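An overview of the molecular structure
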Amino acid sequence: MTPKVNPFESLPRGTVRRDQHWIEREYGREKWPAVLAEARRLIAGGETRLGALLWNLTIWEYGDDLDSEIEVVLLGKRVRMPTVSALAGFYELIRSSILRSCRPDTKTILDLGAGWGRSLFLAWENGAPRSARYGCLEYTPSGRDCAELIASAAPGMRLKTAYFDLRAPELSSWRNEDHTVVFSVYGVEQVPDITTAFFEQILALSPAVDVIHIEPVGWQYRADLALAGLEGSSQAYAIANDTNRNLWMRIKDLEKKGRVEIVRVIPDVYGLNPNNAASIIHWRKCA
């Protein structure tokens with residue numbers, strides 16, 4: 001039986017070195033190949049509807065857990081709720097964050113560290129611009145293969161997958177003269193020290209760029225917002241799991257230089273893993 005994959009499960013404690021070898025093992029050889037195998041099974045069985053594929057992959061991932069309750073973090077507080085409601089809320093957070101950032105002139109939407117493209121497909125299925133090109137930018141071949149397979153259920157979607165390394169980013173082939181939306185969902189998390197090159201590549205994409213990070217980094221800026229009492233993420237967890245520890249610092253440096261505007265921030269907004277809750281940072285390239 002193909003092992004199920006929970007993308008929100010706690011990462012192993014102990015000595016973690018989140019380098020390319022770790023990412024290739026955890027995602028390239030374990031998580032995304034399992035999702036790919038299940039997607040192949042569903043499509044071979046005749047499922048061609050994108051929404052049905054996404055839902056069936058969710059059922060496969062969580063199985064009987066969908067009937068249970070789980071503890072989550074909402075706006076920095078721990079609560080219990082039905083698992084299926086928790087999942088729906090998290091995916092709606094992703095969808096709405098992307099869609100709210102789109103404009104009539106949005107021609108490019110990029111997911112950095114996209115995995116198998118779930119977030120892009122959710123956006124497309126729920127109202128993202130039909131004429132835009134979609135970039136599923138992912139480090140692992142198995143993630144890109146899975147995205148290409150699922151894209152067969154969205155024939156009108158201009159989806160392109162491409163190799164992308166958050167540690168050595170290259171986005172020149174995506175440059176354009178219109179509006180670009182860029183986002184990451186637990187992608188930057190995988191890079192303990194995100195470099196300035198990451199931001200330079202994004203800023204060079206087009207004259208107008210909106211960027212949304214849905215990442216477990218609330219602990220990095222809660223104090224700046226006088227919200228130090230919130231729960232959901234922590235420096236201790238980031239150190240133990242070797243996840244990102246400088247995203248907020250990099251963005252603030254760009255703001256101080258007048259290169260970006262910070263549009264919206266919500267620390268520890270949603271945590272399916274209460275110890276590693278997602279926060280929202282929306283920033284925009286200054287004209």
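All figures in this text were calculated on a predicted structure; none of them were measured in a lab.

1. Quick look at the overall build of the chain
Across its full length, the chain carries eight helices and nine strands. A buried classification covers 57% of the 287 residues belonging to the chain. Long-range contacts, defined here as pairs at least 24 residues apart, represent 77% of the contacts in the chain between residues at least 6 apart. Total accessible area on the chain stands at roughly 12,200 Å², and carbon and sulfur atoms take up 52% of it.

2. Some thoughts on the nonpolar core
Soluble globular proteins: nonpolar side chains tend toward being buried together. With 53 residues, the main nonpolar core has Phe-90 and Ile-109 as its most contacted residues. Of the residues forming this core, the biggest block, seven residues, is contributed by helix 3 (residues 83-101). With residues near it in sequence (within four places) discarded, Ile-109 still touches Ile-98, Cys-102, Leu-120, Ala-128, Pro-129, Ala-132, Arg-133, Tyr-134, Gly-135, Val-181 and Phe-183. Leu-137, Leu-171, Ile-251 and Ile-262 belong to the second-largest nonpolar core, a separate cluster that totals 29 residues.

3. Re helix 4 (residues 118-125)
Judged by how many residues are buried, helix 4 sits mostly within the fold: seven of eight residues are covered. The complete set of buried residues in helix 4 reads Arg-118, Ser-119, Leu-120, Phe-121, Leu-122, Ala-123 and Trp-124. Positive phi appears at Gly-127, one or two residues downstream of helix 4, with a value of about 115 degrees.

4. A few points about the side chain of Gln-220
One can find Gln-220 in the loop between strand 7 (208-215) and helix 7 (235-241). Side-chain polar atoms of Gln-220 contact the backbone nitrogen of Trp-248, separated by 2.9 Å. For Gln-220, the residues in contact, after removing those within four places along its chain, are Asn-244, Arg-245, Asn-246, Leu-247 and Trp-248.

5. Thoughts on the state of the cysteines
If you walk through the whole model with that rule in mind, you get zero disulfides. Free cysteine Cys-136: the closest other cysteine sulfur is in Cys-146, separated by 9.0 Å. The exposure class of Cys-136 is buried, given its relative accessible area of 0%.

6. Describing the pairing of strand 8 (residues 260-271)
Across two bridges, the pairing between strand 1 (residues 69-74) and strand 8 is antiparallel. Along strand 8, the bridge assignment pairs Leu-74 with Tyr-270. Bridge count for strand 8 against strand 9 (residues 278-285) is seven bridges, and the pairing is antiparallel. Among the inter-strand pairings, Arg-264 is bridged to a residue of strand 9, identified as His-282. A loop of six residues connects strand 8 with strand 9, the two strands running antiparallel in sequence.

7. A short note on the packing of helix 6 (residues 196-203) against helix 8 (residues 247-256)
Each pair of packed helices can be described by the angle between their axes along with the distance between the axes. Contact pair helix 6 / helix 8: the axes reach a minimum separation of 10 Å and the direction vectors enclose 50 degrees. With respect to helix 8, the element helix 6 is oriented oblique. With respect to the hand of their crossing, helix 6 and helix 8 are arranged in right-handed fashion. Of the residues in helix 8, those in contact with Thr-196, Phe-199 and Leu-203 of helix 6 are Leu-247, Arg-250, Ile-251 and Leu-254. Of the residues in the contact of helix 6 with helix 8, the class split is five nonpolar, one polar and one charged.

Calculation notes
- Residues numbered from 1 in each chain as written.
- Predicted model: local features only at pLDDT ≥ 70, side-chain atom pairs only at ≥ 80, totals over all residues.
- Heavy atoms only, no water.
- Helix = DSSP H or I, 4+ residues; strand = E, 2+ residues; numbered from the N terminus.
- Buried < 20%, exposed > 50% of the residue type's maximum accessible area, 1.4 Å probe, protein only.
- Contact = heavy atoms within 4.5 Å.
- Areas by Shrake-Rupley, 256 points an atom, 1.4 Å probe, with all protein chains shown as cover.
- Core = buried A, V, L, I, M, F, W, Y, C linked by side-chain atoms within 4.5 Å.
- Polar contact = N/O pair within 3.5 Å; in protein donor to acceptor, adjacent residues only side chain to side chain.
- Disulfide = S-S within 2.5 Å.
- Pairing = 2+ DSSP bridges.
- Axes fitted to C-alpha atoms, helices over the stretch in contact; angles between N-to-C directions.
- Parallel < 35°, antiparallel > 145°, perpendicular 65-115°, else oblique.
- Left-handed = near helix turned anticlockwise from the far one by under 90°.
- Nonpolar A, V, L, I, M, F, W, Y, C, P; charged D, E, K, R; others polar.

The analysis is restricted to geometry; functional conclusions fall outside its scope.
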